[in-house]
Amino acid sequence: MQPLILASASPRRQELLTLLNLPFTTFPTDVDETLPDSISPIEAVQQLAYKKAEAALQAHNGSIIIGCDTIVVHNNHILGKPADREDALQMLSQLSNETHDVYTGVCILSNQQTLLFYERTEVTFWELTQQEILAYIESGEPFDKAGSYGIQGKAALFVKGIRGDYYNVVGLPISRLQRELSAFANS
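Residues numbered from 1 in each chain as written. Predicted model: local features only at pLDDT ≥ 70, side-chain atom pairs only at ≥ 80, totals over all residues. Heavy atoms only, no water.

Some details on the UniProt feature "active site" (unreviewed entry) in the protein
Point 1. The feature "active site" (unreviewed entry), as given by UniProt, occupies D69 in the numbering adopted here.
Point 2. If you trace the backbone, D69 turns up in strand 3 (residues 64-74).
Point 3. The exposure class of D69 is buried, given its relative accessible area of 5%.
Point 4. Ignoring sequence-local partners within four residues, the contact set of D69 consists of R13, E33, V45, L48, A49, K52, Y103, T104 and G105.
Point 5. In this structure the side chain of D69 is engaged in a polar contact, spanning 2.8 Å, whose partner is the side chain of K52. (UniProt positions renumbered as here; feature names shortened; annotations may be inferred. Helix = DSSP H or I, 4+ residues; strand = E, 2+ residues; numbered from the N terminus. Buried < 20%, exposed > 50% of the residue type's maximum accessible area, 1.4 Å probe, protein only. Contact = heavy atoms within 4.5 Å. Polar contact = N/O pair within 3.5 Å; in protein donor to acceptor, adjacent residues only side chain to side chain.)

So, a nonpolar patch on the surface
Point 1. Taken together, the side chains of I162, Y166 and Y167 make up a nonpolar region of the molecular surface, amounting to roughly 260 Å² of accessible area.
Point 2. Summarising the element assignment, I162 is placed in strand 7 (residues 159-163).
Point 3. Taking relative accessible area as the criterion, I162 reaches 39% and is therefore assigned partly exposed. (Patch = residues over 30% accessible without salt bridge, like charges linked within 9 Å, V, L, I, M, F, W, Y side chains within 5 Å. Areas by Shrake-Rupley, 256 points an atom, 1.4 Å probe, with all protein chains shown as cover. Salt bridge = Lys/Arg side-chain N within 4 Å of Asp/Glu carboxyl O.)

Re unusual backbone geometry
Point 1. With a phi close to 65 degrees, N76 is a non-glycine residue in the positive phi region.
Point 2. Position of N76 among the secondary structure elements: in the loop between strand 3 and strand 4 (77-79).
Point 3. Here N97, not a glycine, exhibits a phi torsion of approximately 60 degrees, which is positive.
Point 4. One can find N97 in the loop between helix 3 (85-95) and strand 5 (99-109).

Description of the environment of L6
Point 1. Among the secondary structure elements, L6 is positioned in strand 1 (residues 4-6).
Point 2. Residue L6 is classed as buried on the basis of its relative accessible area of 0%.
Point 3. Spatially, the C-alpha atom of L6 lies 14 Å from that of G62, the residues being 56 residues apart in sequence.
Point 4. If sequence neighbours within four positions are ignored, L6 has contacts with R13, Q14, L17, F24, T25, T26, F27, I66 and C68.

Take a look at the structure:
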């Protein structure tokens, strides 16, 4: 098999990818993540995953690249990573006592082929108090995460329910990736 490269600096994605028992290396990419306002969540995550994979392929020609992007969507509005404390407070207040969607786009890319897919998971939060939100912001966890939270950390206490792939919310739908990667390698 060609060398496998994960185009991500995320320790969560790296940890999940080890579950496949395949050797891989990481190559974080820095791509412009600006998107048109009218783009759908599905198009957004797939486009960004492709951009990240493509940037890594340019540096690792002949490899198989996995690029990923995760977004949180509430009321048809994409919630990215918070710019500051106020932004995190606003996002978490929006998600309180609500159901939102988490989309992860994945691109598997080589010189010969491209495979794009996405997963969607519904997450419902309990009603959060201002004190809970502020304490979470003080922990520092929200600042590098879409929607201002990481389900695998302290925000696990916010989750009332989930419908879909938990690992998708963490940032990599690993069971689907395993199946898609197998099909990719055999085609």
